[in-house]
Amino acid sequence: MYILLAVVALLFFASMMLDSVKDGNCLHLYDNWPGPIHSFDTLGEFYNQDTHNTPAPRAFNPGDKACIRTVTGSLGVAGLSIFTYLQAVGHSDAAVAIAAKAVMVPDVTLYPYRLTNQPDANVSVADGLCAVALTAMDDRSYGWFWTGGICPSDLISALDGTFPTDDSLVAGDFTTVALSADAIGFGVIAATTSAVGYADAAD
Amino acid sequence: MLYILMAVVFMAALGGLFADSTKDGGALHLYDNWPGPITEYKTLAGFYSAATHNIAAEDTFSRGDKACIRNPGTSLGIEGVSIFTYLQVVANAGVAIAAKSVCVLDATLYPYRVTNDPDSCVSVADGLCAVALSAMTTLYWGWFWTGGVCPSDLIVAMDGTFGTDDSLVAGDFTTVDLTDDAIGFGVIAATTSAVGYADAAD
């Protein structure tokens, strides 16, 4: 009897802390990265193999920002997406590689344009700066990240679908949170956290 | 005598608890909370000069104009974008405005007027702050650091530390009232807005 009760209690607590997901169409990022935005007509003008996921910045500088408008919205919604050129830092234990849709925050190595998907080695999870990877990224490589506006899933199909959350998301402002799965996702803001985006509905 | 001694020790302890502190500008990054388009410049002289900074009336630039330039970070500070906004300043009667003075909206209720006086401002811990680049004359106009990395490689007077209230933690910070009649940076609370992001605690 006691064993059964313990199992039920454990299952209850596990469900309380279970991560969840939210469709990218419902997630809109605030444009919190400082800097002017350059507007482009096509993705290929700034995002390609020569300038994305490279060990050193080439055509762009860390902190450069670009934006492009999705008109049709065959995947996702129509609107403006903003991107920032940043450096990725991989997991020191390589437990979770950086892939498309990885949610990242400023890395603990203290350079403002350096991001990590590591929830245990960052400056602070629930603050105003976050970026979402567009592809798999190598450790210390530079590339473009989704940092504002609507999810660019119509432009980059790898971003279509759901993004990780901690099952606390409500309609309205959200911030970045440490997930139970050794990753960073989105969750509800608290008293001393800053919003990184806006959700249409709860997760 | 013993009571006096105890009181002195108690006061010293309290003073220690609330003592101001500092944080290096290389670890402080301001959010770009001032509304408006940003004009990019290749050189600081393109917008910041004796003719356009700390002057009695707006001329070449207008209130709320914003400029940005990359701080090289090769000699001082770190590499990145620094953003500046053209504002009017009201000086604190007790503390002159100098380079690195942290300012917030002045109590005279004009949105582009800032002050370094914590006792005569709209509200200390809200989303708009501006940091002086030089000594400023009261009611004069000029450029202020309002976003991005600290421009210490461009303006040497911005190199070094900034005032904090010893509450700063890694992450978001806001503007706070310091003990020495000045405004600095401190940790955000429930009803305050972030003006920037710190790499580490002060």
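Residues numbered from 1 in each chain as written. Chains lettered and ligands numbered in written order. Predicted model: local features only at pLDDT ≥ 70, side-chain atom pairs only at ≥ 80, totals over all residues.

So, the interface of chain A and chain B
Contacts between chain A and chain B engage 19 residues on the former and 26 residues on the latter. Here the residues of the side of chain A that touches chain B are counted per class, giving 10 nonpolar, 8 polar and 1 charged. (Contact = placed C-beta atoms within 7 Å. Nonpolar A, V, L, I, M, F, W, Y, C, P; charged D, E, K, R; others polar.)

Quick word on the nonpolar core
Counting residues in hydrophobic clusters, the biggest one holds 108 residues, and the most contacted among them are A:Met104, A:Ala133, A:Phe145, A:Trp146, B:Cys103, B:Val104 and B:Phe144. Take this core: its biggest share by element is 7 residues, from strand β5 (residues 80-90) of chain B. (Core = buried A, V, L, I, M, F, W, Y, C linked by C-beta atoms within 7 Å. Buried ≥ 20, exposed ≤ 12 C-beta atoms within 10 Å, placed from the backbone. Helix = DSSP H or I, 4+ residues; strand = E, 2+ residues; numbered from the N terminus.)

Some remarks on the confidence of the model for chain B
All names here are of chain B. In this model, chain B carries an average pLDDT of 89, and 91% of its residues clear a pLDDT of 70 or more. In the model, residues 11-17 has pLDDT below 50 throughout and makes 0 contacts with residues more than four positions away in sequence or in other chains. Interface confidence for the predicted complex, expressed as ipTM, amounts to 0.82; the pTM equals 0.87. (pLDDT = per-residue confidence, 0-100.)

Points about the environment of A:Arg114
All names here are of chain A. Among the structural elements, Arg114 can be located in strand β7 (residues 114-116). Its 20 C-beta neighbours within 10 Å are what place Arg114 among the buried residues. Apart from the residues lying within four places of it in its own chain, the contact partners of Arg114 are Gln87, Val89, Pro106, Asp107 and Thr109.

Things to note about the confidence of the model for chain A
Per-chain confidence: chain A averages 86 in pLDDT, with 88% of residues scoring 70 or above. Contacts for the low-pLDDT stretch residues 11-16 of chain A, under 50 throughout, to residues beyond four places or in other chains number 0 contacts.

A few points about unusual backbone geometry
Phi at A:Lys101 is positive, roughly 80 degrees, even though this residue is not glycine. Of note, A:Lys101 is situated in the loop between β5 (79-89) and β6 (103-106). Look at B:Leu139: it is not a glycine, yet its phi comes out positive at around 70 degrees. Given 13 C-beta atoms within a 10 Å radius, B:Leu139 is considered partly exposed.

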